[in-house]
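Remarks on the overall topology
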Amino acid sequence: MSDREELSWDRFGDASRDLAQVIADDGFEPDLILSIARGGLFVAGALGYALDVKNLHVMNVEFYTGVDQRLDMPVMLPPVPSAVDLTGATVLVADDVADTGKTLKLVRDFCSDHVAEVRCAVIYQKPHSEVDCEYVWKRTDKWINFPWSVLPPVTERQAHVLDA
């Protein structure tokens, strides 16, 4: 048995569509989707199309530095969305995985003082996540190979984070 969960592009298409259907069936209608870059960009885009939400925002948070290697705490990187843009909105926070949940917690807490409601949607959630997401496609305790990060970059940059 592999110590990694494999997600192909085809399977991601099915997963994001299934996740969108669960959200729709729950009656949740977000005004905007807030993606956590980078992995959450793919999820937010797919959910945006499936849920017919055109208002997508991006929040860039740095936490992983490698496979199972992290900073002590996640850090928001500029540009940080203006709280005024979120005021009174119903927000769906989208990410690829809730691993420790610290990144999702940071973003959810940032939103919660300004928005009408905030819920989280992820493709994967790990059992030790601090955040229990409202919408999860699959639960796993394995490291996940996502189709967007499994191949090496086509260019090499200094301080590049591999496999994260």
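Residues numbered from 1 in each chain as written. Predicted model: local features only at pLDDT ≥ 70, side-chain atom pairs only at ≥ 80, totals over all residues. Heavy atoms only, no water.

Looking at an unreviewed UniProt entry, the chain carries the name Phosphoribosyltransferase, with the source organism given as Nocardia aurantiaca.

Re the nonpolar core
If you look at the biggest cluster of nonpolar residues, it comprises 23 residues, and the most contacted ones within it are I23, L47, L92 and I123. For I23, the contacting residues outside a window of four places in its chain are F28, L47, L51, L92, A121 and Y135. L32, I36, A98 and F110 belong to the second-largest nonpolar core, a separate cluster that totals 21 residues. (Core = buried A, V, L, I, M, F, W, Y, C linked by side-chain atoms within 4.5 Å. Buried < 20%, exposed > 50% of the residue type's maximum accessible area, 1.4 Å probe, protein only. Contact = heavy atoms within 4.5 Å.)

Quick notes on the pattern of salt bridges
Under the definition given, this model contains eight salt bridges. For K138, the salt bridge goes to E5, with nearest N and O atoms at 2.7 Å. In this pair, K138 is assigned in strand 7 (residues 135-139) and E5 in strand 1 (residues 4-6), connecting sequence segments 133 residues apart. Given a relative accessible area of 28%, K138 falls into the partly exposed group. One salt bridge in this structure joins R108 and D109, with 3.9 Å as the shortest N-O distance. According to the relative accessible area criterion, R108 is partly exposed, its value standing at 25%. When salt bridges with common partners are traced through the structure, they connect E5, R11 and K138 into a single cluster. (Salt bridge = Lys/Arg side-chain N within 4 Å of Asp/Glu carboxyl O. Helix = DSSP H or I, 4+ residues; strand = E, 2+ residues; numbered from the N terminus.)

Observations regarding the environment of V22
Tracing the backbone through its elements, the reader meets V22 in helix 1 (residues 9-25). Here the alpha-carbon distance between V22 and E134, two residues 112 residues apart in the chain, equals 9.9 Å.

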